[in-house]
Amino acid sequence: MPTAAAPPGRNVTETEARRANRSWWDLDADDYQDEHGKFLGDVDFVWCPERLREADARLLGPVHDKKILELGAGAAAASRWLRREGALPVAMDLSAGMLRHASEAASRSGVRVPLIQADAMALPFRDGAFDIVCTAFGAIPFVTDSAAAMREVARVLRPGGSWVFSVTHPMRWAFWDEPDESGLVVRNSYFDRTPYVERDDDGTVNYLEQHRTLGDRIRELVAAGFVVRDLIEPEWPADHDGVWGQWSPLRGRLFPGTAIFVCDLPGSHE
(Lines give C-alpha, C1' and ligand atoms only; values in the text may rest on other atoms or scores of the structure.)
Protein backbone atom coordinates (compact mmCIF):
# COMPACT_ATOMS: atom_id res chain seq x y z
CA MET A 1 0.00 0.00 0.00
CA PRO A 2 1.24 3.52 -0.79
CA THR A 3 2.73 5.47 2.12
CA ALA A 4 4.25 8.88 2.41
CA ALA A 5 7.52 7.54 1.05
CA ALA A 6 6.09 5.19 -1.56
CA PRO A 7 8.47 4.66 -4.46
CA PRO A 8 7.03 4.72 -7.95
CA GLY A 9 5.52 1.42 -9.08
CA ARG A 10 5.57 -0.19 -12.49
CA ASN A 11 4.43 -3.47 -13.93
CA VAL A 12 6.15 -6.39 -12.24
CA THR A 13 6.46 -9.85 -13.78
CA GLU A 14 5.11 -12.91 -12.01
CA THR A 15 8.67 -14.20 -11.67
CA GLU A 16 9.75 -10.96 -9.96
CA ALA A 17 6.70 -11.09 -7.70
CA ARG A 18 7.28 -14.72 -6.71
CA ARG A 19 10.95 -14.10 -5.94
CA ALA A 20 10.18 -10.94 -3.96
CA ASN A 21 7.35 -12.54 -1.99
CA ARG A 22 9.39 -15.59 -1.04
CA SER A 23 12.42 -13.51 -0.05
CA TRP A 24 10.45 -10.87 1.86
CA TRP A 25 8.42 -13.29 3.95
CA ASP A 26 11.43 -15.52 4.62
CA LEU A 27 13.34 -12.53 5.97
CA ASP A 28 10.35 -11.00 7.78
CA ALA A 29 8.92 -14.19 9.27
CA ASP A 30 10.57 -13.82 12.69
CA ASP A 31 9.66 -10.15 13.07
CA TYR A 32 6.11 -10.77 11.87
CA GLN A 33 5.56 -13.54 14.39
CA ASP A 34 7.16 -11.51 17.17
CA GLU A 35 4.77 -8.65 16.44
CA HIS A 36 1.56 -10.50 15.58
CA GLY A 37 1.93 -14.07 16.83
CA LYS A 38 0.19 -13.45 20.14
CA PHE A 39 -2.79 -11.83 18.39
CA LEU A 40 -3.08 -14.70 15.88
CA GLY A 41 -2.47 -17.46 18.42
CA ASP A 42 -1.16 -20.96 17.83
CA VAL A 43 -4.57 -22.56 17.28
CA ASP A 44 -7.04 -19.91 16.17
CA PHE A 45 -8.64 -18.61 12.97
CA VAL A 46 -8.57 -14.81 12.95
CA TRP A 47 -9.84 -13.29 9.73
CA CYS A 48 -8.54 -9.76 10.17
CA PRO A 49 -7.10 -7.10 12.48
CA GLU A 50 -10.69 -6.22 13.42
CA ARG A 51 -10.54 -9.47 15.45
CA LEU A 52 -13.29 -11.34 13.61
CA ARG A 53 -12.84 -15.05 14.36
CA GLU A 54 -14.12 -18.01 12.40
CA ALA A 55 -15.33 -19.50 15.70
CA ASP A 56 -17.88 -16.68 15.81
CA ALA A 57 -18.48 -15.83 12.13
CA ARG A 58 -18.61 -19.39 10.71
CA LEU A 59 -18.07 -18.09 7.20
CA LEU A 60 -16.84 -21.52 6.08
CA GLY A 61 -19.97 -23.31 7.28
CA PRO A 62 -19.68 -26.83 8.73
CA VAL A 63 -16.06 -28.00 8.44
CA HIS A 64 -16.09 -31.46 10.04
CA ASP A 65 -14.48 -33.98 7.65
CA LYS A 66 -14.11 -31.28 4.98
CA LYS A 67 -10.91 -31.16 2.95
CA ILE A 68 -9.68 -27.58 3.27
CA LEU A 69 -6.76 -25.78 1.66
CA GLU A 70 -5.40 -22.71 3.44
CA LEU A 71 -3.52 -20.49 0.97
CA GLY A 72 -0.81 -18.19 2.26
CA ALA A 73 -1.15 -19.93 5.59
CA GLY A 74 1.82 -18.26 7.29
CA ALA A 75 2.29 -20.00 10.64
CA ALA A 76 -0.91 -22.00 9.92
CA ALA A 77 -2.81 -21.13 13.11
CA ALA A 78 -6.06 -21.22 11.13
CA SER A 79 -5.34 -24.69 9.75
CA ARG A 80 -4.62 -26.01 13.24
CA TRP A 81 -7.90 -24.52 14.47
CA LEU A 82 -9.70 -26.21 11.59
CA ARG A 83 -8.07 -29.52 12.48
CA ARG A 84 -9.35 -29.22 16.04
CA GLU A 85 -12.79 -28.61 14.57
CA GLY A 86 -12.57 -31.98 12.79
CA ALA A 87 -11.60 -30.71 9.34
CA LEU A 88 -8.84 -32.14 7.13
CA PRO A 89 -6.77 -29.04 6.36
CA VAL A 90 -3.61 -28.55 4.31
CA ALA A 91 -1.57 -25.41 5.01
CA MET A 92 0.31 -23.98 2.03
CA ASP A 93 2.68 -21.02 1.87
CA LEU A 94 5.37 -19.74 -0.48
CA SER A 95 7.70 -18.88 2.39
CA ALA A 96 9.89 -21.48 4.08
CA GLY A 97 10.39 -19.00 6.91
CA MET A 98 6.67 -18.87 7.63
CA LEU A 99 6.36 -22.65 7.40
CA ARG A 100 9.20 -22.98 9.91
CA HIS A 101 7.05 -21.03 12.36
CA ALA A 102 4.11 -23.29 11.47
CA SER A 103 6.20 -26.31 12.40
CA GLU A 104 7.29 -24.73 15.68
CA ALA A 105 3.69 -23.83 16.57
CA ALA A 106 2.62 -27.39 15.81
CA SER A 107 5.21 -28.64 18.32
CA ARG A 108 3.99 -26.17 20.96
CA SER A 109 0.30 -26.91 20.46
CA GLY A 110 0.43 -30.59 19.61
CA VAL A 111 -1.84 -29.95 16.61
CA ARG A 112 -0.21 -30.95 13.32
CA VAL A 113 -1.39 -30.42 9.77
CA PRO A 114 0.33 -31.08 6.42
CA LEU A 115 2.60 -28.16 5.46
CA ILE A 116 3.38 -27.54 1.79
CA GLN A 117 5.64 -24.90 0.25
CA ALA A 118 4.14 -23.93 -3.08
CA ASP A 119 2.97 -21.06 -5.29
CA ALA A 120 -0.67 -19.96 -5.40
CA MET A 121 -0.34 -19.49 -9.15
CA ALA A 122 0.39 -23.20 -9.67
CA LEU A 123 -1.33 -25.21 -6.96
CA PRO A 124 0.20 -28.70 -6.68
CA PHE A 125 -3.14 -30.47 -6.31
CA ARG A 126 -5.46 -32.38 -8.60
CA ASP A 127 -8.70 -30.90 -9.90
CA GLY A 128 -11.52 -30.97 -7.35
CA ALA A 129 -9.27 -31.95 -4.44
CA PHE A 130 -10.86 -29.70 -1.80
CA ASP A 131 -14.25 -28.82 -0.37
CA ILE A 132 -13.11 -25.38 0.81
CA VAL A 133 -10.23 -23.03 0.05
CA CYS A 134 -9.59 -20.12 2.38
CA THR A 135 -7.03 -17.50 3.31
CA ALA A 136 -6.78 -14.60 5.71
CA PHE A 137 -4.71 -11.99 3.83
CA GLY A 138 -2.60 -14.62 2.10
CA ALA A 139 -1.45 -14.85 -1.52
CA ILE A 140 -4.12 -12.78 -3.32
CA PRO A 141 -2.75 -9.26 -2.60
CA PHE A 142 0.74 -10.24 -3.71
CA VAL A 143 0.41 -12.10 -7.02
CA THR A 144 0.48 -10.08 -10.23
CA ASP A 145 -2.43 -11.93 -11.88
CA SER A 146 -5.00 -12.48 -9.17
CA ALA A 147 -7.61 -13.42 -11.80
CA ALA A 148 -5.44 -16.42 -12.69
CA ALA A 149 -5.11 -17.27 -8.99
CA MET A 150 -8.92 -17.30 -8.74
CA ARG A 151 -9.05 -19.77 -11.62
CA GLU A 152 -6.50 -21.99 -9.85
CA VAL A 153 -8.64 -21.96 -6.72
CA ALA A 154 -11.71 -22.89 -8.78
CA ARG A 155 -9.76 -25.75 -10.37
CA VAL A 156 -8.86 -27.42 -7.07
CA LEU A 157 -12.37 -27.02 -5.61
CA ARG A 158 -15.07 -29.66 -5.90
CA PRO A 159 -18.37 -28.55 -7.46
CA GLY A 160 -20.35 -26.92 -4.69
CA GLY A 161 -17.18 -25.96 -2.84
CA SER A 162 -16.49 -22.61 -1.19
CA TRP A 163 -13.76 -20.00 -1.54
CA VAL A 164 -13.50 -17.51 1.33
CA PHE A 165 -10.72 -14.94 1.56
CA SER A 166 -9.93 -11.69 3.32
CA VAL A 167 -7.89 -8.82 1.92
CA THR A 168 -7.22 -5.22 2.81
CA HIS A 169 -10.38 -3.30 1.91
CA PRO A 170 -9.75 -1.75 -1.53
CA MET A 171 -10.81 1.72 -0.40
CA ARG A 172 -7.76 1.82 1.88
CA TRP A 173 -5.61 2.21 -1.25
CA ALA A 174 -6.61 5.85 -1.36
CA PHE A 175 -4.99 6.53 2.02
CA TRP A 176 -1.46 6.35 3.36
CA ASP A 177 -0.74 3.38 5.61
CA GLU A 178 -0.70 5.37 8.83
CA PRO A 179 -2.84 4.56 11.90
CA ASP A 180 -3.05 8.18 13.08
CA GLU A 181 -4.70 11.32 11.68
CA SER A 182 -2.34 11.43 8.69
CA GLY A 183 -4.00 8.21 7.53
CA LEU A 184 -7.40 9.88 7.28
CA VAL A 185 -6.62 12.05 4.26
CA VAL A 186 -7.14 10.79 0.71
CA ARG A 187 -3.76 10.91 -1.06
CA ASN A 188 -4.05 8.39 -3.90
CA SER A 189 -6.57 7.45 -6.55
CA TYR A 190 -8.74 4.46 -5.71
CA PHE A 191 -8.73 3.70 -9.43
CA ASP A 192 -4.94 3.60 -9.83
CA ARG A 193 -4.01 -0.09 -10.15
CA THR A 194 -0.27 0.61 -10.26
CA PRO A 195 1.27 -1.80 -7.73
CA TYR A 196 3.08 -0.61 -4.65
CA VAL A 197 6.68 -1.70 -5.18
CA GLU A 198 9.79 -1.49 -3.03
CA ARG A 199 13.20 -2.08 -4.62
CA ASP A 200 16.77 -2.65 -3.56
CA ASP A 201 19.43 -0.16 -4.60
CA ASP A 202 20.10 -2.25 -7.70
CA GLY A 203 16.44 -2.10 -8.73
CA THR A 204 15.50 -5.63 -7.66
CA VAL A 205 11.92 -5.90 -6.41
CA ASN A 206 11.91 -6.92 -2.74
CA TYR A 207 8.27 -6.21 -1.80
CA LEU A 208 5.05 -5.49 -3.62
CA GLU A 209 1.31 -5.35 -3.15
CA GLN A 210 -1.32 -5.23 -5.85
CA HIS A 211 -4.50 -3.18 -5.84
CA ARG A 212 -7.87 -4.19 -7.25
CA THR A 213 -11.12 -2.30 -6.78
CA LEU A 214 -14.18 -4.04 -5.38
CA GLY A 215 -15.55 -4.24 -8.91
CA ASP A 216 -12.31 -5.81 -10.13
CA ARG A 217 -12.54 -8.49 -7.48
CA ILE A 218 -16.15 -9.30 -8.33
CA ARG A 219 -15.31 -9.59 -12.03
CA GLU A 220 -12.33 -11.86 -11.29
CA LEU A 221 -14.50 -14.15 -9.21
CA VAL A 222 -17.38 -14.29 -11.69
CA ALA A 223 -14.97 -14.95 -14.57
CA ALA A 224 -13.51 -17.89 -12.60
CA GLY A 225 -17.00 -19.36 -12.21
CA PHE A 226 -17.79 -18.31 -8.65
CA VAL A 227 -21.02 -17.00 -7.19
CA VAL A 228 -20.44 -14.33 -4.54
CA ARG A 229 -22.60 -15.19 -1.56
CA ASP A 230 -21.53 -12.37 0.75
CA LEU A 231 -19.08 -9.52 1.19
CA ILE A 232 -18.19 -8.92 4.83
CA GLU A 233 -16.78 -5.55 5.95
CA PRO A 234 -15.96 -6.14 9.64
CA GLU A 235 -16.64 -3.21 11.92
CA TRP A 236 -14.11 -2.16 14.53
CA PRO A 237 -15.11 -3.53 17.99
CA ALA A 238 -15.72 -0.86 20.60
CA ASP A 239 -13.44 -2.63 23.09
CA HIS A 240 -10.56 -3.16 20.64
CA ASP A 241 -7.77 -0.66 21.30
CA GLY A 242 -4.96 -2.47 19.49
CA VAL A 243 -2.96 -1.13 16.55
CA TRP A 244 -1.76 -3.39 13.74
CA GLY A 245 0.18 -1.51 11.08
CA GLN A 246 -2.33 0.80 9.43
CA TRP A 247 -5.26 -0.66 11.43
CA SER A 248 -6.25 1.36 14.47
CA PRO A 249 -9.36 2.30 16.47
CA LEU A 250 -9.23 5.80 14.95
CA ARG A 251 -9.41 4.61 11.34
CA GLY A 252 -11.39 1.46 12.00
CA ARG A 253 -14.34 3.33 13.43
CA LEU A 254 -14.54 5.61 10.38
CA PHE A 255 -14.11 3.30 7.38
CA PRO A 256 -13.53 -0.39 6.68
CA GLY A 257 -10.08 -1.92 6.72
CA THR A 258 -10.91 -5.47 5.62
CA ALA A 259 -13.07 -7.07 2.93
CA ILE A 260 -13.98 -10.76 3.20
CA PHE A 261 -15.38 -12.41 0.06
CA VAL A 262 -17.56 -15.48 0.60
CA CYS A 263 -17.95 -17.38 -2.67
CA ASP A 264 -19.32 -20.70 -3.92
CA LEU A 265 -18.55 -22.80 -6.97
CA PRO A 266 -21.87 -23.91 -8.50
CA GLY A 267 -22.70 -27.59 -8.30
CA SER A 268 -23.26 -30.10 -5.56
CA HIS A 269 -21.09 -32.50 -3.64
CA GLU A 270 -21.01 -36.07 -4.91
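### Brief notes about helix α4 (residues 96–109)
In an α-helix there are 3.6 residues to a turn, and that puts residues three or four apart on one side.
(1) Moving on: Spanning 14 residues, α4 covers 20 Å between terminal C-alpha atoms, matching the ideal 20 Å at 1.5 Å per step.
(2) Moving on: Taken together, the buried positions of α4 are occupied by G97, M98, L99, H101, A102, A105 and A106.
(3) Moving on: The secondary structure elements touched by the buried residues of α4 are α1 (14–40), α3 (77–84), β2 (88–93) and β3 (115–117).
(4) Moving on: The N-capping residue of α4, defined by a side-chain oxygen 3.2 Å from the backbone nitrogen of G97, is S95.
(5) Moving on: Backbone geometry just downstream of α4 places G110 in the positive-phi region, at approximately 80 degrees.

### Details of the pairing of strand β5 (residues 157–168)
(1) Moving on: For β5, a buried count of nine out of twelve residues is recorded, marking the element as mostly surrounded by other parts of the structure.
(2) Moving on: In this structure, strand β4 (residues 130–136) lies alongside β5, joined through six bridges in parallel fashion. When the sheet's bridge partners are listed, C134 is paired in β5 with V164.
(3) Moving on: For the crossover from β4 across helix α5 (residues 146–156) to β5, the handedness is right-handed.

### Let's talk about the sheet that holds strand β1 (residues 67–70)
(1) Moving on: Reading across from one edge, β3-β2-β1-β4-β5-β9-β8 is the order of the seven strands in this open sheet, with mixed pairing throughout. The open sheet has two edge strands with one neighbour each: β3 and β8 (227–232). The sheet shows a mean angle of 20 degrees between the axes of neighbouring strands, direction not considered.
(2) Moving on: Bridging between β8 and strand β9 (residues 258–264) involves five bridges; their strand directions are antiparallel. Bridge pairing links D230 to V262 in β9.
(3) Moving on: Against the sheet, α3 engages β1, β2 and β4, with an angle of about 175 degrees to β2.

### Some remarks on the environment of L231
(1) Moving on: If you trace the backbone, L231 turns up in strand β8.
(2) Moving on: Using a relative accessible area of 30% as the deciding quantity, one classes L231 as partly exposed.
(3) Moving on: The spatial distance from the C-alpha of L231 to the C-alpha of G97 is 31 Å, given a sequence separation of 134 residues.
(4) Moving on: Apart from the residues lying within four places of it in its own chain, the contact partners of L231 are L214, A259, I260 and F261.

### Some words on the nonpolar core
(1) Moving on: With 32 residues, the main nonpolar core has L69, L71, F125, V133, W163, F165 and F226 as its most contacted residues.
(2) Moving on: Looking at this core, the elements that each hand over two or more residues are β2, β4, α5, β5 and β9.
(3) Moving on: If one sorts the elements of this core by residue count, α5 sits on top with six residues.
(4) Moving on: Other than its neighbours up to four places away in sequence, F125 contacts L69, V90, M92, I116, F130, R155 and V156.
(5) Moving on: Ranked by size, the runner-up nonpolar core spans 19 residues in total, among them W47, C48, L59 and V63.

### Points about the confidence of the model for the protein
(1) Moving on: Summary statistics for the protein give a mean pLDDT of 92 and a share of 95% for residues scoring 70 or more.
(2) Moving on: Low pLDDT, under 50, characterises residues 1–9; the stretch is placed with 25 contacts to residues that sit more than four places away or in other chains.

### Comments concerning the packing of aromatic side chains
The way to describe two aromatic rings as a pair is by their centre distance and the angle between their planes.
(1) Moving on: Throughout the structure, instances matching the rule amount to twelve aromatic pairs.
(2) Moving on: With a centroid separation of 4.7 Å and an interplanar angle of 25 degrees, the aromatic rings of W163 and F165 are classed as stacked.
(3) Moving on: Its relative accessible area of 0% is what places W163 among the buried residues.
(4) Moving on: Taken together, the ring pairs connect Y32, F39 and W244 into an aromatic cluster.
(5) Moving on: The ring centre of W176 lies 4.0 Å from the NZ or CZ of R187, which sits over that ring.

### Regarding the environment of W25
(1) Moving on: In this fold, W25 is placed in helix α1.
(2) Moving on: With 117 residues separating them along the chain, W25 and F142 place their C-alpha atoms 11 Å apart.
(3) Moving on: What W25 contacts, discounting residues up to four positions off in sequence, is Y32, S95, M98 and F142.

### Comments concerning the pattern of salt bridges
(1) Moving on: Going through the model one piece at a time under the given rule, you end up with 15 salt bridges.
(2) Moving on: In this structure, R100 and D30 form a salt bridge, with 2.9 Å as the shortest nitrogen-oxygen distance. You can see R100 sitting in helix α4 and its partner D30 sitting in helix α1, a full 70 residues away along the chain.
(3) Moving on: You can call D30 partly exposed: its relative accessible area is 36%.
(4) Moving on: As a salt-bridge pair, R155 and D127 come within 2.8 Å of each other at their nearest N and O atoms. Remark: D127 occurs in the loop between β3 and β4 and R155 occurs in helix α5; sequence separation between them is 28 residues.
(5) Moving on: The exposure class of D127 is exposed, given its relative accessible area of 52%.
(6) Moving on: Within the structure, one salt-bridge network assembled from shared partners comprises D30, R100 and E104.

Calculation rules
- Residues numbered from 1 in each chain as written.
- Predicted model: local features only at pLDDT ≥ 70, side-chain atom pairs only at ≥ 80, totals over all residues.
- Heavy atoms only, no water.
- Helix = DSSP H or I, 4+ residues; strand = E, 2+ residues; numbered from the N terminus.
- Expected span 1.5 Å × (residues − 1).
- Buried < 20%, exposed > 50% of the residue type's maximum accessible area, 1.4 Å probe, protein only.
- Contact = heavy atoms within 4.5 Å.
- Polar contact = N/O pair within 3.5 Å; in protein donor to acceptor, adjacent residues only side chain to side chain.
- Pairing = 2+ DSSP bridges.
- Right-handed = clockwise from strand over helix to strand, strands pointing away.
- Axes fitted to C-alpha atoms, helices over the stretch in contact; angles between N-to-C directions.
- Core = buried A, V, L, I, M, F, W, Y, C linked by side-chain atoms within 4.5 Å.
- pLDDT = per-residue confidence, 0-100.
- Phe/Tyr/Trp six-rings, centres within 6.5 Å; stacked < 30°, edge-to-face > 60°.
- Lys NZ or Arg CZ within 6 Å of the ring centre and 35° of its normal.
- Salt bridge = Lys/Arg side-chain N within 4 Å of Asp/Glu carboxyl O.

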